[in-house]
Amino acid sequence: MMLSHNPYYAEHRIWNKTKDIPTFSLVLTSSAFSNGQKHIEHYIHKGLMTRLEGVQPLADWIGQNVTVVLETLLGYVADAEKGSDQWGKTSFQGKPSNDLDNEIFYVGTVTPVLHYCMGGITIDSEGNVLDENEIPIKGLHAAGEVTGGVHGNNRLGGNSLLECTVYGSIIGKRIPIKKRMTNVLAVGNVTTADVSTNKLKEITNDALLRHSSEKDCWVAIHGDVYDLTEFAGEHPAGAESIYVLCGTDGTGAFQTVHGQNMLDDFNEDKVGPYVGGLPVHTSVPIHSMI
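Residues numbered from 1 in each chain as written. Predicted model: local features only at pLDDT ≥ 70, side-chain atom pairs only at ≥ 80, totals over all residues. Heavy atoms only, no water.

*Asks:* Explain the sheet that holds strand S2 (residues 50-53) here, please?
*Replies:* Backbone hydrogen bonds hold the strands of a sheet together, and the pairing may be parallel or antiparallel. The three strands lie next to each other as S1-S3-S2, forming an open sheet whose pairing is antiparallel. This sheet does not close on itself; its edge strands, each paired only once, are strand S1 (24-28) and S2. Looking at each pair of strands side by side, their axes are set apart by 35 degrees on average, direction ignored. The sheet contact formed by S1 and strand S3 (residues 104-110) spans five bridges and is antiparallel. In the sheet register, valine 27 faces S3, and the bridge partner there is valine 107. Where helix H4 (residues 55-62) meets the sheet, its contacts fall on S1, S2 and S3, and the angle it forms with S3 comes to roughly 10 degrees. (Pairing = 2+ DSSP bridges. Helix = DSSP H or I, 4+ residues; strand = E, 2+ residues; numbered from the N terminus. Axes fitted to C-alpha atoms, helices over the stretch in contact; angles between N-to-C directions. Contact = heavy atoms within 4.5 Å.)

Next comes the structure, spelled out in structure tokens:
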């Protein structure tokens with residue numbers, strides 16, 4: 001087994017939670033930010049990265065003497081200008097500016113995690129789960145990382161999501177899906193009956209704010225309001241990133257990660273056009289939420 005090299009895990013089959021988890025400081029410069037702005041703003045929005053101005057705040061955040069940090073950064077700049085360092089590195093992207101007192105840094109903490117698990121349930125080409133005799137188990141299907149054997153000994157980079165999409169589509173087309181039931185429940189000046197018959201009504205700011213809980217979550221995106229209550233639990237990035245937007249205009253957060261054409265998949269969740277303007281607490285741009 002891959003994890004058997006860890007003596008404690010090999011003996012107890014659980015991780016030793018009393019030991020400190022090794023962490024590393026991720027430091028990006030303003031030039032690195034310009035190359036990956038969309039992703040960095042997304043991480044800032046999720047609270048995973050922080051914007052710092054100047055080398056002293058950077059040293060304070062790392063917990064290191066500012067002289068050591070300054071010497072390290074200046075050494076990196078010198079090596080970049082020279083074209084190589086003592087370890088043979090020849091690529092120096094994201095070089096900091098010479099004015100380190102006014103340089104903008106974007107920082108976060110990195111920890112080792114399990115990125116992808118190769119092993120899992122055995123399936124056939126149709127996504128049917130197979131028993132120990134390789135006979136399909138009726139009514140049981142699997143797709144994605146829970147399965148094993150799809151990629152052989154190792155997978156090609158980028159194929160994890162593709163695996164989910166391909167087998168999810170194959171299975172989804174073969175098994176019956178019960179249509180969503182719609183109840184005539186009053187929600188402001190809109191009912192679910194109106195939504196189900198495509199009689200969409202304009203949603204005001206007050207109406208949007210009344211649906212700002214985890215059990216009743218409406219979000220305005222690109223001029224329309226969507227009921228994301230059920231979808232939140234299925235969101236690949238986690239429900240919390242949906243819940244923080246409940247009852248607000250989430251366009252800024254949405255467009256840092258997704259294109260507008262993705263909303264075509266949520267037409268059934270559309271409540272109506274948003275005419276209320278931005279709620280006060282979400283009117284600031286994502287990159288300033290730090």
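*Asks:* I keep staring at the packing of H4 against helix H5 (residues 66-82) and nothing clicks. Help me out?
*Replies:* For any two helices packed against each other, one specifies the inter-axial angle together with the distance between the axes. Here H4 crosses H5 at 115 degrees, and the two axes come no closer than 9 Å. As summarised for this structure, H4 and H5 are arranged roughly perpendicular, according to the angle between their axes. Crossing handedness for the pair H4 and H5: right-handed. For the pair H4 and H5, the contacting residues are Val55, Gln56, Leu58 and Ala59 in the first and Val66, Val69, Leu70 and Leu73 in the second. Of the residues contributing to the contact of H4 with H5, the split by class is seven nonpolar, one polar and no charged. (Parallel < 35°, antiparallel > 145°, perpendicular 65-115°, else oblique. Left-handed = near helix turned anticlockwise from the far one by under 90°. Nonpolar A, V, L, I, M, F, W, Y, C, P; charged D, E, K, R; others polar.)

*Asks:* Could you clarify how one ought to interpret the nonpolar core in this entry?
*Replies:* In globular proteins that are soluble, nonpolar side chains generally tend to be buried together. Counting 14 residues, the largest nonpolar core has Val219, Ile221, Tyr226, Leu228 and Ile242 as the members making the most contacts within it. Listed by contribution, the elements that provide at least two residues to this core are strand S11 (216-221), helix H9 (229-232) and helix H11 (251-255). For this core, the element with the most residues is S11, which contributes three residues. Isoleucine 242 has contacts with Cys217, Leu228, Phe231, Ala232 and His235, leaving out every residue within four places of it along the chain. In this structure, Val55, Leu58, Phe105 and Val107 belong to the second largest nonpolar core, which totals nine residues. (Core = buried A, V, L, I, M, F, W, Y, C linked by side-chain atoms within 4.5 Å. Buried < 20%, exposed > 50% of the residue type's maximum accessible area, 1.4 Å probe, protein only.)

*Asks:* Is there a simple way to explain the pairing of strand S6 (residues 136-141) in this structure?
*Replies:* Every regular strand shows the same layout, with side chains that alternate between the two sheet faces. Of the strand pairs in this sheet, strand S5 (residues 128-130) and S6 are connected by two bridges, and their pairing is antiparallel. Residue pairing across strands places asparagine 128 opposite histidine 141, the latter belonging to S6. The antiparallel pairing of S5 with S6 creates a hairpin that spans five residues between the two strands, and glutamate 134 there sits at a positive phi of about 60 degrees.

*Asks:* Before we go on, may I ask you to explain H4 in this structure?
*Replies:* Each α-helix winds once per 3.6 residues, and so residues spaced three or four apart point in a common direction. The set of residues buried in H4 consists of Val55, Leu58 and Ala59. End-on, the buried residues of H4 take up no more than an arc of 95 degrees, which puts them together on one face. Contacts from the buried residues of H4 go to S1, S2, H5 and S3. One or two steps after H4, the chain reaches glycine 63, where phi turns positive at roughly 85 degrees. (Arc of directions from axis to C-beta.)

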